[in-house]
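# Results of the structural survey
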Amino acid sequence: MVLRGSQLHLIKSLVFYLVLLRAGTSLARTILRKGPVQAVKDLIAETLQTVISASRSAIPGANSLVKAEIEKSVKGLQASIIKDSRGENARLPAKGLSDDIVRAELKRHHQLGDIHWESGKVSGAVYYGGDQLGALITESYGLFSLSNPLHPELFPGVRKMEAEIISMVLAMYNGKSEAAGSMTSGGTESILMSVKTHRDWAAATKGITKPEMVVPVTIHAAFNKAAHYFGVKIIPIPIDPKSGEVDLAAVKRAITSNTIMLAGSAPNFPHGIMDNIPSLGALAKKHKIGLHVDACLGGFIIPFAEKAGFPQSYPFDFRVDGVTAISCDTHKYGFAPKGSSVIMYHTKELRKYQYFVAPNWPGGVYASPTVSGSRAGALIAGCWTALMKFGEEGYIETTREIVTAARKIKSGINSIDGLAIFGNPLGSVISFVSTGSVKIFAVGDLLSKKGWHLNMLQRPEAIHISCTYLTVPVADQLVEDAKEAVELLKRDPSLGEGEFTAIYGTAASIPDRSVLVDVSHGLLDSFTMM
């Protein structure tokens, strides 16, 4: 059939209006979700990024100049990371070394570096449960160093311990009899598993082929990673600028027929703020979608907070109607060795969508519950050891001490003219911003000179600390050092023109965000450079 001119014109018009309708619908949704001001700001930023990228390609030599500057920055960054840890053994030794030489080399490697986390001046990173626990965990490692939970018939003790860990954590979060979970290598894998599970559940039960998840902008970046890995569109929702909680009205407007899940933090990493989980649960239930509560960071704080004398803003566990999944890291405030976390689901039926099975593989039927196939049974043994050693009473006490230290810092920072705590964090994590002329990254520089290793935040610019057991004896010192830094900077702002101001201040002002991606690639390369 040959189309006439009028018919072609009609088809072109229909296609044009369809494209226009889709673009208009997308724009309207963006404005509803973000508000007109933020939507315009984001549009300007995206347009600017497009113009910069086009200019770098179109202007002769421009891209080369930018790459040269990036390379210069990357080399400096890599040098600061590698320092005295440059690799020496690029190939296997021709002959194996003696036990004494290996021990000496291990001791030498252990002593590399000049940052002493034992001082308590490091934000998070090392969640230390004491020398006695460390020795006991090391002993458990030795007993189970060869075990692999992929083979429960060979290592029934590991299977038993893993089942008990999951059951104990489910009980902490008030999971009902039909609730279930899995152990993973950490919070990121727990979150990846939850997103994958909800995606596959929504595809199988609701026929969703273009999945979306609606999450706060402050949700952990592992959700962005999951979106990237699993083809789920992430819809970031702004937070209330005062409370730091996700904007519930914007969440409601962002839900569509393609939404598979919502997420909320308990608390979030940047500011230690808990989102309104009951209200998110009500929305999830109304729209028959999932709700993931990210309790990775607060995993062994918030379940014990009320008994320790620190009630939380909202209920956050499986008692909240609408919650379908919760992630909880055992290797943070649970004091288990690094590499262990638990992902929980409200039903065993939902957990099935997490599993992977290859029934027709020539090697036999292959099945695994999480990303990994073989896993380290020693990590499970170490985690079980920590949970059994501390018990509920022990975790209530550590929660009391850690949160008391955080409250002490919170009160002290709020008393400093020029600084303020962001929102109203109630747990172990806080962040503080500048309220005057003093630049917050300059404060970070001066604190760094005092031996503090804290996290610098963006959007808004702030300083963050995750208080640990080691922070308890130095909480007052942080307040004193922050007060002194502000006083010094008020007299002489140039005192804060150091590494943090240069790196983070510049990063915040760079319109071409692809530059930060390139620099980050260089940083990641340094992790494995010889």
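Structure first, text after, so check above.
To keep things clear, this report deals only with the structure shown in the data block.

Quick notes on the rules
- Residues numbered from 1 in each chain as written.
- Predicted model: local features only at pLDDT ≥ 70, side-chain atom pairs only at ≥ 80, totals over all residues.
- Heavy atoms only, no water.
- Helix = DSSP H or I, 4+ residues; strand = E, 2+ residues; numbered from the N terminus.
- Expected span 1.5 Å × (residues − 1).
- Bend = angle between axes of the 7 residues up to and from the residue.
- Buried < 20%, exposed > 50% of the residue type's maximum accessible area, 1.4 Å probe, protein only.
- Pairing = 2+ DSSP bridges.
- Right-handed = clockwise from strand over helix to strand, strands pointing away.
- Core = buried A, V, L, I, M, F, W, Y, C linked by side-chain atoms within 4.5 Å.
- Contact = heavy atoms within 4.5 Å.
- Axes fitted to C-alpha atoms, helices over the stretch in contact; angles between N-to-C directions.
- Patch = residues over 30% accessible without salt bridge, like charges linked within 9 Å, V, L, I, M, F, W, Y side chains within 5 Å.
- Areas by Shrake-Rupley, 256 points an atom, 1.4 Å probe, with all protein chains shown as cover.
- Salt bridge = Lys/Arg side-chain N within 4 Å of Asp/Glu carboxyl O.
- Phe/Tyr/Trp six-rings, centres within 6.5 Å; stacked < 30°, edge-to-face > 60°.
- Lys, Arg positive; Asp, Glu negative; His and termini not counted.
- Polar contact = N/O pair within 3.5 Å; in protein donor to acceptor, adjacent residues only side chain to side chain.

Our next topic: helix α13 (residues 377–414). Its 38 residues place the ends of α13 only 45 Å apart at the C-alpha level, less than the 56 Å of an ideal helix rising 1.5 Å per residue. The sharpest bend along α13 comes to roughly 80°, located at G391.

Sheet faces and side chains relate simply in a regular strand, where the side chains alternate between the two faces. Within strand β4 (residues 259–265), seven of the seven residues are buried, which leaves the element mostly enclosed by the surrounding structure. Across three bridges, the pairing between strand β2 (residues 212–216) and β4 is parallel. Along β4, the bridge assignment pairs E212 with T259. The pairing of β4 with strand β5 (residues 290–294) spans five bridges and is parallel. For A263, the partnering residue across the bridge sits in β5 and is H292. Handedness of the crossover is the feature at issue here: the chain leaves β4, passes through helix α10 (residues 277–287), returns alongside β5, and the resulting connection is right-handed.

Attention now goes to the nonpolar core. Ranked by size, the top nonpolar core spans 92 residues in total, and within it V169, Y173, L262 and V443 carry the most contacts. Dropping the residues within four chain positions of it, L262 is found in contact with V214, V251, I255, L280, L283, A284, I289, G290, L291 and H292. One finds F223, A226, V232 and A263 within the second-largest nonpolar core, a separate group that totals 24 residues.

Turning next to the sheet that holds β4. Pairing in this open sheet of seven strands is mixed, and the strands run β1-β7-β6-β5-β4-β2-β3 from one edge to the other. A single partner strand is all that each edge strand has here, and the edge strands are β1 (180–184) and β3 (233–237). Direction aside, neighbouring strands of the sheet carry axes that sit 20° apart on average. Looking at chain direction, β5 and strand β6 (residues 325–329) are connected through three bridges and run parallel. What sits directly across from D294, in β6, is S327. Those strands touched by helix α6 (residues 156–172) are β1, β6 and β7 (341–345), and its axis lies near 120° from that of β1.

Here we come to a nonpolar patch on the surface. Judged by side-chain polarity, L97, I101, V102 and L106 come together as a nonpolar surface patch covering roughly 360 Å² of accessible area. As for its placement among the helices and strands, V102 is situated in helix α4 (residues 99–110). We classify V102 as partly exposed; its relative accessible area is 36%.

With eight of 10 residues buried, helix α14 (residues 440–449) lies mostly within the body of the structure. Buried within α14 are the following residues: I440, F441, A442, V443, G444, D445, L446 and L447.

This brings us to the pattern of salt bridges. Two side chains that carry opposite charge are able to pair once their charged atoms sit near each other. Tallied over the full model, the rule gives 16 salt bridges. The partner of D329 in a salt bridge is K332, and the shortest N-O contact between them spans 2.4 Å. Of the two residues, D329 and K332, neither departs from the other in class, the shared state being buried. Residues participating in the shared-partner salt-bridge network are E88, E105 and R108.

In this section: the packing of aromatic side chains. What the rule picks out here adds up to 13 aromatic pairs. Their ring planes at 40° and their centres at 6.0 Å tell us that F335 and Y469 sit as a pair that is tilted. Of this pair, F335 sits in the loop between β6 and β7 while Y469 sits in the loop between β13 (462–466) and α15 (475–491), and the two are 134 residues apart along the sequence. Note on Y469: relative accessible area 27%, which makes it partly exposed.

Below, the discussion takes up unusual backbone geometry. The amide bond that connects A266 to the next residue, P267, takes the cis arrangement and shows omega of -5°. For F335, which is not glycine, the phi dihedral falls at a positive 65°. Judged by relative accessible area, F335 falls into the buried class, the value being 4%. One non-glycine residue with positive phi stands out, namely R459, at about 55°.

We now examine the side chain of E189. If you trace the backbone, E189 turns up in helix α7 (residues 187–206). R375 is the oppositely charged side chain nearest to the buried, salt-bridge-free E189, at an N-O distance of 7.2 Å. Polar side-chain contacts of E189 include one of 3.5 Å to the side chain of T370. Those residues in contact with E189 that sit more than four places away from it in its chain are T184, T370, V371 and S372.

Turning our attention to the pairing of β13. Burial within β13 is extensive, with five of its five residues counted as buried. With burial as the criterion, each face of β13 is covered, one bearing A462, H464 and S466 and the other bearing I463 and I465. Looking at chain direction, strand β11 (residues 429–434) and β13 are connected through four bridges and run antiparallel. Within β13, the residue paired with S431 across the bridge is H464. As paired elements, strand β12 (residues 455–457) and β13 share three bridges and run antiparallel to each other. Note that in β13 the partner of N455 across the bridge is H464. The antiparallel hairpin formed by β12 and β13 contains four residues in its connecting segment, where R459 sits at a positive phi of about 55°.

This next bit is on the environment of I165. Examined against the element boundaries, I165 turns out to sit in helix α6. Since its relative accessible area comes to 0%, I165 is described here as buried. Residues I165 and L387, 222 residues apart in the sequence, show an inter-C-alpha distance of 7.8 Å. With residues up to four places along the chain from it excluded, the contact list for I165 reads M183, V342, I380, C383, W384 and L387.

Moving on, we get to the side chain of S526. Note that S526 resides in helix α17 (residues 513–526). Non-local contacts of S526, meaning those with residues more than four positions away in its chain, are made with Q78, I81 and I82.

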